[in-house]
Structures are given as structure tokens and as C-alpha cells.
Amino acid sequence: WDELHPGKPCPKNADGTIKLLNKHLDNLDVDILYHLGLDTKTYDLPAMFGDVKFVCMGGTKVRMREFAEYMREVLDLPNKGAKLVNLTKHSQRYAMYKVGPVLSLSHGIGIPSMTTVLQEVIKLMYYAKVKDPIFFRVGTSGGLAIPAGSVVVSSFGVNGNLEKTYDIPVLGKTRKLPAFLDQRVCQEVHSLSSDDDGFGTYIGGTMGADDFYRGQARLDGPFCDYSEADKMAFLRSLTDMGVRNIEMEASAFSAFTREAGIRASIVCVTFLNRLQGDQVTPSKTTLTEWQRRPMLVVGRYIAHYFKKN
Ligand code: R2B
Ligand code: URA
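Residues numbered from 1 in each chain as written. Chains lettered and ligands numbered in written order. Predicted model: local features only at pLDDT ≥ 70, side-chain atom pairs only at ≥ 80, totals over all residues. Heavy atoms only, no water.

### Thoughts on the environment of R292
The topology assignment puts R292 in helix α7 (residues 284-308). The class for R292 is partly exposed, based on a relative accessible area of 42%. For the pair R292 and Y70, spaced 222 residues apart in sequence, the C-alpha separation works out to 9.6 Å. (Helix = DSSP H or I, 4+ residues; strand = E, 2+ residues; numbered from the N terminus. Buried < 20%, exposed > 50% of the residue type's maximum accessible area, 1.4 Å probe, protein only.)

See the structure below:
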């Protein structure tokens, strides 16, 4: 911690539980995790969530239910086939499922939607006294100079200005939070990929854009005020700085997990090669199959973790 965050207090206790450094939380009688539909008074959060080790987030509710079902198979957990309960059902914004040590939840599209639930789940891990949780984002993206259907394990996040930070205005001033990810988890996840997978798995930077169209240099949005040459020059600059894919959460996900002292990794499939086009053309069947690829990669890491420990 000290090497990477000189002079900053470590947000972790000796036993690996999260230490939130926000003193204001101590003054709350009850903390309502509004978007999760949970609170610290009505629910025994350590009993409900104390055994969590992996928090896996992804855009859609359906995909994250599938991921929970998949992890129940992979880890050979009880109640296979039983209907999973959406633990956030009072709130309705997101979906969250728990299978043994795995929490699987949706975060919607884009940074504000993702950080809203990410911050509540960080507090949930704190109240539940979870030790050393590892966070994953399993997602979709547009690739840069790699075949469509490839998987990217992110080594860092980049914002829309080609900086390795997540920029957020706080009290009228923009903060620039470093968008770094845990390099060990990244390497370990990547090392578990296999030639037999039927798709390539790459390590590289990931741009978290604040927009799907112009923010990702697309020419096919309702508005476009630059040329194809401008687009290609921008995508080339991204590629030159080691960025392999573009999605809409990486910078903030990297920055907030880092600020919380939580090891985290982002694993995304690429739906297209952005150097060749903008439209997402594969069939629904192909896209559904491709979306399982990050789950397979992360599922393998989680299974491997429990075999080792
Ligand atoms: C990838 O896909 C979504 C946009 O289609 C967005 O959430 C992302 O990061
Ligand atoms: N998600 C994105 O944000 N961009 C793409 O090109 C594909 C999926």
C-alpha cells in the first residue's frame, strides 16, 4: 500500500477487512444502502454476506443472473437449478444474486450508474466484515486491432481524454483519481487462458468513455462533427498507448476499487474491431455466446482460487 499510495492511510485492517476512512459514517444510526434495498438495521449483513470473497459486476441483470447460475455449477454449490433470489428486489434499479462466496450484480450502462452501486457494495463489504474481497467487472466492449470475440483483461483504465485517471467534479473542482488495477490479478487471470478456448485473451488498457457514440469516436451516432481520418487518428493514439478496448466504466471502476484498497480486475469481450467499423453486426446468438467468454475466464480464476486455498 505505502509504495503505491505514499502518505495515505491504508483503508484496510490487519485481518483484511475493509476500513472505510469516512468518519461521517460513524455518526449514522442506520446506513441505508438505498440502491441495494438493504440497510444496517433491518438486516444482519455479516450473516448474509460475511462469507463473500468475489464481487462480480456486469451491465445487465440477465447476464449477472446467468453468471451466478454458472458459478453455482462451477463451484459445485447446493441448490443447482433452484430459482435465484434477486437480493435488491425492493430497489428495482439493479439485480444482485449470491451463490456461496460469489456476489453477482448488475450495474447498468456507464460510470454514474456503475459507481452508484459500486460504492454501496463497497460499504456492504465493510458492514459485512468481508475479508480481502476481489472485485471483477465482466463486460462487453469494442476492441482495438484484435479480432471481434476476443477477450481483454484490463491492465489500466483510461478516460476520454487519453489520461489514466477517472475525473470527477467534487465541490466544484475536478479530482483526477488514478485509474490503476491490480497487476497480479490481471496477470493471473490472463495466465489461465488457454489455446483451446477458441478465442484470444489479451492484456491491455481499457478506455472508459462517457458516451457510446462520439465519446468512442463513432461515425454512426445522431451527431458527428469530425472526419473518418480524425476518428482513425484518435483510435490509433489509443492503440499506441496500449489500449485494447473501449467500454464505459473502466476508468471509474479502476479508480474507486483502488481508493478502497480492493484488488480488482476488468474482463471484457470485444464485439467488434473498432479499426474496422462502428456498428455491432454479429447476430444475437453470436453476441450471447461471446458474452459468456468473460464469465468463463473469471469463473476459471475463481475456481482456481478455491482449489489453491
Ligand atoms: C459496454 O457496453 C455498454 C454499452 O453498450 C456499456 O455498459 C459498456 O461499458
Ligand atoms: N460497449 C461499448 O461501450 N462499446 C462498444 O463498442 C461495444 C460495447
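### Focus on the site of ligand 2
The local shell around ligand 2 consists of T140, S141, G142, F212, Q216, R218, I246, E247, M248 and L272. Here a nitrogen atom of ligand 2 and a side-chain polar atom of Q216 are 2.8 Å apart. At 2.7 Å, a side-chain N or O of R218 approaches an oxygen atom of ligand 2. Every element with two or more residues in the shell around ligand 2 is listed here: β6 (134-143) and β11 (243-247). Top contributing element to the shell around ligand 2 by residue count: β6, with three residues. Partitioning the shell around ligand 2 into residue classes produces four nonpolar, four polar and two charged. (Near = heavy atom within 4 Å. Polar contact = N/O pair within 3.5 Å; in protein donor to acceptor, adjacent residues only side chain to side chain. Nonpolar A, V, L, I, M, F, W, Y, C, P; charged D, E, K, R; others polar.)

### Side note on the site of ligand 1
Neighbouring ligand 1 are I109, G110, R137, T140, F212, E247, M248 and E249. R137 has a polar side-chain atom sitting 3.3 Å from an oxygen atom of ligand 1. A distance of 2.4 Å separates an oxygen atom of ligand 1 from a polar atom in the side chain of E249. In the complex, 80% of the free accessible area of ligand 1, which totals 270 Å², lies under the protein chains. In terms of residue class, the shell around ligand 1 is made up of three nonpolar, two polar and three charged. (Areas by Shrake-Rupley, 256 points an atom, 1.4 Å probe, with all protein chains shown as cover.)

### Some points on the pattern of salt bridges
Scanning the entire structure with this criterion turns up 17 salt bridges. Among the ionic pairs, D132 bridges to K12, the shortest N-O distance being 2.8 Å. One end of the pair, D132, is in the loop between α3 (111-127) and β6; the other, K12, is in the segment before β1 (32-33), with 120 residues separating them in the sequence. For E249, the salt bridge goes to R137, with nearest N and O atoms at 3.2 Å. Residue E249 is located in the loop between β11 and α6 (250-259), and its partner R137 is located in strand β6; the two are separated by 112 residues in the primary sequence. Through salt bridges with shared partners, a single ionic network connects R137, E247 and E249. (Salt bridge = Lys/Arg side-chain N within 4 Å of Asp/Glu carboxyl O.)

### Looking at the nonpolar core
Grouped together as the largest cluster of nonpolar side chains are 39 residues, with contacts concentrated most on F49, V55, L103, L118, L124, M125 and F135. Contributions of two or more residues to this core are made by α1 (45-49), β3 (54-58), β5 (102-106), α3, α6 and β12 (263-273). With nine residues, the top contributor of residues to this core is α3. The contact partners of L118, leaving out residues within four places of it in the chain, are M57, F135, F253, F256 and T257. Within the second largest apolar cluster, 35 residues are counted, among which are A95, V99, L192 and Y301. (Core = buried A, V, L, I, M, F, W, Y, C linked by side-chain atoms within 4.5 Å. Contact = heavy atoms within 4.5 Å.)

### Considering unusual backbone geometry
For D76, which is not glycine, the phi dihedral falls at a positive 55°. Mapped onto the fold, D76 is located in the loop between α2 (61-74) and β4 (96-99). Judged by relative accessible area, D76 falls into the exposed class, the value being 58%. Of note in the backbone geometry, K129 takes a positive phi value of approximately 60° without being a glycine. With respect to the helices and strands, the residue K129 is situated in the loop between α3 and β6. On the accessibility criterion, K129 (56% relative accessible area) is exposed.

### Considering the packing of aromatic side chains
The geometry of an aromatic ring pair comes down to the distance between the two centres and the angle between the two planes. A full pass over the atoms with the stated rule returns nine aromatic pairs. Arranged with centres 5.8 Å apart and planes meeting at 80°, the rings of F54 and F306 form a pair that is edge-to-face. Of this pair, F54 sits in strand β3 while F306 is found in helix α7, placing the two residues 252 residues apart along the sequence. Judged by its relative accessible area of 30%, F306 is partly exposed. Site record: aromatic cluster; members linked through ring pairs are F54, F136, Y301, Y305 and F306. Stacked on the ring of F212, the Lys or Arg R218 has its end atom at 3.9 Å from the ring centre. (Phe/Tyr/Trp six-rings, centres within 6.5 Å; stacked < 30°, edge-to-face > 60°. Lys NZ or Arg CZ within 6 Å of the ring centre and 35° of its normal.)

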